[in-house]
Amino acid sequence: MCGGLAALGGSPVYCAETLTLSDVWTDAKLYFTSPIRWDTTDWLLFGGSVAAIAAAHQADGNVRRHFASGSNALNGGQDPHSLRDAAPAAAIVVGTWGVANLLGDSAGRTEAYTMIEAALFSAVSAEGLKYAAGRDRPDQTTRVDDWRAGGSSFPSLHATLASAIGTVLAESGSDDYRWVRRILGYGIAGATAYIRVRDNEHWLSDTVAGAAVGAATARFTLNRREARARKWDVSIGPAQGGGVSVGFNMTPY
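Sequence order as written defines residue numbering, which begins from 1 separately in each chain. Since the coordinates come from a predicted model, pLDDT governs what is reported: local features require at least 70, and pairs of side-chain atoms require 80 or more to be given and counted, while whole-chain, interface and lining totals use all residues. Think of the side-chain values as coming from all heavy atoms in the structure, minus any hydrogens and water.

Draft legend 1. Highlighting the nonpolar core. Side-chain atoms within 4.5 Å link the members of a nonpolar core, which is a set of buried Ala, Val, Leu, Ile, Met, Phe, Trp, Tyr and Cys residues. Relative accessibility under 20% of the residue-type maximum defines a buried residue, over 50% an exposed one, and the middle range a partly exposed one, all with a 1.4 Å probe and only protein chains included. Membership of the largest hydrophobic core comes to 14 residues, with the highest contact counts inside it found for Ile92, Met115, Ile165 and Val168. Only DSSP runs of H or I reaching four residues or more are called helices, and only runs of E reaching two or more are called strands; each is numbered from the N terminus. At five residues, helix α5 (residues 157–171) tops the list of elements feeding residues into this core. Between two residues, a contact is recorded if the distance between any of their heavy atoms is within 4.5 Å. Leaving out residues up to four positions away in the same chain, Ile92 has contacts with Met115, Ile165, Leu169 and Ile188.

What follows is the structure, given as structure tokens:
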């Protein structure tokens, strides 16, 4: 069923679809080359993200001192809460997929596919940035600027994935329950970032950077989902002389 109930009156009904390997490959190429197609708005958003990360970096030391006590909080970079902190975002994906299959909702399944794609792309970006930055975690050093030290702190992968998945949840579906979706999606993303800083697993700026990467990636995958849906559209409306007319249109990428 295309996007739930179709209203008569000639307006197009966009069909949800499964995500094929070809779709993922096309999306991946567009995602990793997207900066060459950015417009003014995109560059302004990028600049705003960089400014937010820089502002958070200025507070990194004070925030660490608030949650941790100097060298007493050093444990060599162990992360005993990794699975716990990843669980909420994973639960969103599993829950969305499970409910969609239970109800036979193709749009819900597509939403779950979009979450997975956003998580995959953002994880690759985050891991690339981690390798380039090499920043030590706050449980490895008390120095805010231990960059290129072989660490894996910047950006936070947990914050990246929670932001990517949470943003897809927040901005998918109809507007009837948008406020509920946004509270859940952005709430889980924010809570994940907070707990990573609270437990001294990441600097504040790590989580801000992760949130920016995740949200930007989610927006990309949501736009790609809409583009694919608009490639195949069905219009339903009243026909002359009575009855119903159904129109089908395919738009190439």
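Draft legend 2. Layout of the packing of helix α3 (residues 82–103) against helix α6 (residues 178–198). Note on geometry: axes are lines fitted to C-alpha atoms, helical ones only across the stretch in contact, with angles between N-to-C directions running from 0 to 180 degrees. At a minimum axis distance of 10 Å, the contact between α3 and α6 shows a crossing angle of 175°. Overall, the two elements α3 and α6 adopt an arrangement that is roughly antiparallel. In this structure, α3 contributes Ser82, Arg84, Asp85, Pro88, Ala89 and Ile92 to the contact, and α6 contributes Ile188, Thr192, Ile195, Arg196 and Arg198. Its residues placed into classes, the contact of α3 with α6 shows five nonpolar, two polar and four charged. We call two directions roughly parallel when the angle between them is under 35 degrees, roughly antiparallel when it is over 145, roughly perpendicular when it lies between 65 and 115, and oblique otherwise. The classification used treats Ala, Val, Leu, Ile, Met, Phe, Trp, Tyr, Cys and Pro as nonpolar, Asp, Glu, Lys and Arg as charged, and all other residues, Gly among them, as polar.

Draft legend 3. Focus on the packing of aromatic side chains. The rule is short: rings of Phe, Tyr and Trp, with Trp giving its six-membered ring, pair when the centres are within 6.5 Å, and they are stacked under 30 degrees, edge-to-face over 60, tilted in between. All told, the structure shown has ten aromatic pairs when counted by the stated rule. By way of ring pairs, the aromatic residues Tyr31, Phe32, Phe121 and Phe220 are connected into one cluster.

Draft legend 4. Examining the confidence of the model for the protein chain more closely. The predictor attaches a confidence to each residue, and that confidence, scored 0 to 100, is pLDDT. In this model, the protein chain carries an average pLDDT of 87, and 82% of its residues clear a pLDDT of 70 or more. Within the protein chain, no element has a lower average pLDDT than strand β1 (residues 12–14), which sits at 40, and none a higher one than α5, at 98. Confidence over residues 248–253 falls short of pLDDT 50; this stretch has 14 contacts with residues more than four positions distant or in other chains.

Draft legend 5. Just unusual backbone geometry, in detail. A cis amide bond, omega -5°, links Phe154 with the succeeding residue Pro155. A positive phi is found at Arg148, a non-glycine position, where the angle reads about 50°. Structurally, Arg148 is set in the loop between α4 (106–133) and α5. In this model, Asn200 sits at a positive phi of 65°, which is unusual for a non-glycine residue. For Asn200, the position within the fold is in the loop between α6 and α7 (204–231).

Draft legend 6. Highlighting the packing of α3 against α5. As a packed pair, α3 and α5 sit with axes 9 Å apart at the nearest point and diverge in direction by 20°. Relative to α5, the element α3 lies roughly parallel. Like other packed secondary-structure pairs, α3 and α5 cross with a definite hand, here left-handed. From α3, Ser82, Asp85, Ala86, Ala89, Ile92 and Val93 reach across to α5, where they touch His158, Ala162, Ile165 and Leu169. Residue composition of the contact of α3 with α5, grouped by class: seven nonpolar, two polar and one charged. In this scheme the crossing of two helices becomes right-handed for a clockwise turn of the near helix relative to the far one and left-handed for an anticlockwise turn of less than a right angle.

Draft legend 7. Just the environment of Asn101, in detail. On the secondary structure map, Asn101 appears in helix α3. What qualifies as a polar contact is a pair of N or O atoms within 3.5 Å, subject to a donor-acceptor requirement within protein and to the restriction that residues adjacent in sequence count only when both atoms come from side chains. A distance of 2.9 Å separates a polar side-chain atom of Asn101 from the backbone oxygen of Trp97.

Draft legend 8. Geometry of the pattern of salt bridges. For this document, the term salt bridge refers to a Lys or Arg side-chain nitrogen within 4 Å of an Asp or Glu carboxyl oxygen. Evaluated as defined, the whole model comprises 14 salt bridges. Put simply, Arg219 and Glu171 hold a salt bridge, and the shortest N to O gap is 3.9 Å. One end of the pair, Arg219, is in helix α7; the other, Glu171, is in helix α5, with 48 residues separating them in the sequence. According to the relative accessible area criterion, Arg219 is partly exposed, its value standing at 42%. A network of salt bridges, in which partner residues are shared, links Asp79, Arg84, Asp85, Arg196, Arg198 and Asp199.

Draft legend 9. Molecular detail of helix α1 (residues 21–32). The terminal C-alpha atoms of α1 lie 16 Å apart, and with twelve residues this matches the ideal 16 Å at 1.5 Å per residue to within 8%. The complete set of buried residues in α1 reads Asp23, Asp27, Ala28 and Tyr31. The buried residues of α1 all sit within an arc of 135° when viewed along its axis, so they share a single face. Summarising the geometry of α1, the exposed residues directed more than 90 degrees from the buried face are Leu21, Ser22 and Trp25. For a helix, the expected span equals 1.5 Å multiplied by the number of residues minus one. Our arc is simply the arc of the directions from the helix axis toward the C-beta atoms.

Draft legend 10. Main features of the environment of Val124. Within the secondary structure layout, Val124 lies in helix α4. Residue classification places Val124 among the partly exposed residues on the basis of a relative accessible area of 44%.

Draft legend 11. Just the side chain of Arg225, in detail. When you line up the elements, Arg225 lands in helix α7. Sequence-distant contacts of Arg225, defined by excluding residues within four places in its chain, comprise Thr110, Glu111, Thr114 and Ser172.

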